[in-house]
Amino acid sequence: MLLRGRRERGTAALGIVARHVAARTFVLAQIALITLIAPVGTRAAHAALPYPRLMTMLWDNPEPKDFARASRFDAVEFSWTDIVRVPGYADSVRATKVRNPSLKVIGAVACDVHCSNWAGREAVMSEWTAQMAANDSLWYLHDTDGDYFRVADAETTCAQGWMNFTRTDLAVAFAEYLYQDVFVANPGVFDGIHFDHLIPGIAWAQALRWTAGGVDSIDSDRDGIADRADTLDARWARGTLAFCQRIRLRCGEQSILIVNGGLPTDSFQYMNGRFHEGFPGPIGGTAPDWYRSLFDPVLGYL
């Protein structure tokens, strides 16, 4: 994971390198060895605490014992729907943060697939489900047959298709929804969001490996003609940028916003860093690899 902060100093750990660029500190770490950037005074005050300065991820239906374990870390990531749908879990997070006041809690949010049959999401995301249904024709990504576009390996678990990020109105609406339902509705719980698959383009999904409905079949504007890859990705990048701008505007500078995967370079200024799934290889099996995702002159985060 790559985390970006506004402090000029950060704490280094095994496998981490830091680089100061334009009054910001960039920290690069393997997933299991992550150090959050914090005020120097804060770090000094907690230097004697016995828990490691690491981040852990507790996805997939955490149990009550997991909250006690989370207090040993500097940061912990939960699926935000797990926390808000189980009675008492939000209060358990608040109590954990009392035990460890420096703990940062990140909520994981999927930005690629709208999928009501994933466990717990329908009840939690009913308002967003209703907004999607009201704009079904354009807010769901469709193929040239008029069906929802689906990725092959997701079809068996998610039959409802993808959100269409070529639509900037959808991107902005989703950002507003997340701000209200993650932060406003859960005061004192979440300090940031990890956006899964907030990606710079979607043309890659038309390849044979991924596609369930046919190669080169995405029709994002519903004109009955398959979109050109370059046009499709340019529209998708604009939507992603609009999402990043709005969520940062609404969440403010203190929120920790990180992404899983790539981002249009214009969006880097709005995010605190990147989670590199599959380190050190390509992200999720798809280019770029770790080195290019950091240092490539066009794609690189640094």
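Each remark here, short or long, concerns the structure printed above.
Residues numbered from 1 in each chain as written. Predicted model: local features only at pLDDT ≥ 70, side-chain atom pairs only at ≥ 80, totals over all residues. Heavy atoms only, no water.

Chemist: What should I look at first to understand the pattern of salt bridges in this one?
Modeler: Any two side chains of opposite charge can pair if their charged atoms end up close together. Tallied over the entire structure, the rule returns 11 salt bridges. The partner of Asp191 in a salt bridge is Lys97, and the shortest N-O contact between them spans 2.9 Å. Of the two residues, Asp191 sits in the loop between helix H8 (168-184) and strand S7 (192-196) while Lys97 sits in helix H4 (residues 89-99), which places them 94 residues apart along the sequence. Here the two residues Asp191 and Lys97 agree in accessibility, since each one is buried. (Salt bridge = Lys/Arg side-chain N within 4 Å of Asp/Glu carboxyl O. Helix = DSSP H or I, 4+ residues; strand = E, 2+ residues; numbered from the N terminus. Buried < 20%, exposed > 50% of the residue type's maximum accessible area, 1.4 Å probe, protein only.)

Chemist: Honestly, the pairing of strand S5 (residues 75-79) in this entry has me stumped. Any pointers?
Modeler: Two faces make up the sheet, and in a regular strand the side chains alternate between them. Most of S5 is tucked away: five of the five residues are buried. Judged by which residues are buried, S5 turns out to be covered on both faces: Ala75, Glu77 and Ser79 on one side and Val76 and Phe78 on the other are all buried. Two strands pair when backbone bridges link them, and strand S4 (residues 55-57) and S5 are joined in this way by three bridges, in the parallel orientation. Bridged to Met55 within S5 is Ala75. Crossover handedness for the path S4 to helix H2 (residues 64-70) to S5: right-handed. In terms of strand pairing, S5 meets strand S6 (residues 104-110) through five bridges, oriented parallel. Across the sheet, Ala75 pairs through a bridge with Lys104, a residue of S6. (Pairing = 2+ DSSP bridges. Right-handed = clockwise from strand over helix to strand, strands pointing away.)

Chemist: Can you help me understand the packing of aromatic side chains in this one?
Modeler: Pairs of aromatic rings are described using the distance from one ring centre to the other and the angle between the two planes. In the structure shown here, the tally under the stated rule is 13 aromatic pairs. Plain terms: the ring middles of Trp128 and Phe174 are 5.0 Å apart, the flat faces sit at 45 degrees to each other, and that makes the pair tilted. With a gap of 46 residues between them, Trp128 in helix H6 (residues 126-134) and Phe174 in helix H8 connect regions that are remote in the sequence. For Trp128, a relative accessible area of 0% puts it in the buried group. Through pairs of rings, three or more aromatic residues link up here, namely Trp128, Trp139, Phe165, Phe174, Tyr177, Phe195, Trp236 and Phe243. (Phe/Tyr/Trp six-rings, centres within 6.5 Å; stacked < 30°, edge-to-face > 60°.)

Chemist: Would you mind going over the state of the cysteines with me for this structure?
Modeler: Cysteine pairs can be linked by a disulfide, which is a covalent bond between their two sulfur atoms. As enumerated under the stated definition, the model contains zero disulfides in all. Of all cysteine sulfurs, the one in Cys244 lies closest to Cys111, which takes part in no disulfide; the gap is 8.6 Å. (Disulfide = S-S within 2.5 Å.)

Chemist: What should I look at first to understand the packing of H8 against helix H9 (residues 229-251) in this one?
Modeler: Axis angle and axis distance: for two packed helices, these are the angle between their axes and the distance between the axes, and together they describe the pair. Where H8 contacts H9, the axes come no closer than 8 Å and their chain directions differ by 30 degrees. Between H8 and H9, the crossing angle belongs to the class labelled roughly parallel. Here H8 runs over H9; the crossing is right-handed. Residues Thr168, Ala171, Val172, Phe174, Ala175, Glu176, Leu178, Tyr179, Gln180 and Phe183 of H8 pack against Arg238, Gly239, Ala242, Phe243, Arg246, Ile247, Arg250 and Cys251 of H9. (Axes fitted to C-alpha atoms, helices over the stretch in contact; angles between N-to-C directions. Parallel < 35°, antiparallel > 145°, perpendicular 65-115°, else oblique. Left-handed = near helix turned anticlockwise from the far one by under 90°. Contact = heavy atoms within 4.5 Å.)

Chemist: In this structure, what is going on with H6? I would like to understand it.
Modeler: What sets the pattern is the α-helix's 3.6 residues per turn: residues three or four places apart point alike. Along H6, the positions that sit buried rather than exposed are Trp128, Thr129 and Met132. Along the axis of H6, the buried positions cluster into a sector of 105 degrees, meaning they face one direction only. (Arc of directions from axis to C-beta.)

Chemist: Teacher, can you tell me more about the packing of H6 against H8 here?
Modeler: Interhelical geometry of H6 versus H8 gives an angle of 165 degrees and a closest axis separation of 11 Å. As far as their axial angle goes, H8 and H6 are roughly antiparallel. Both H6 and H8 take part in a crossing whose hand is right-handed. In this structure, H6 contributes Glu127, Trp128, Gln131 and Met132 to the contact, and H8 contributes Leu170, Ala173, Phe174, Tyr177 and Asp181. Considered class by class, the residues forming the contact of H6 with H8 number six nonpolar, one polar and two charged. (Nonpolar A, V, L, I, M, F, W, Y, C, P; charged D, E, K, R; others polar.)

Chemist: Sorry if this is basic, but what is going on with the side chain of Thr56 here?
Modeler: Along the polypeptide, Thr56 turns up in strand S4. Those residues in contact with Thr56 that sit more than four places away from it in its chain are Phe73, Ala75, Val76 and Glu77.

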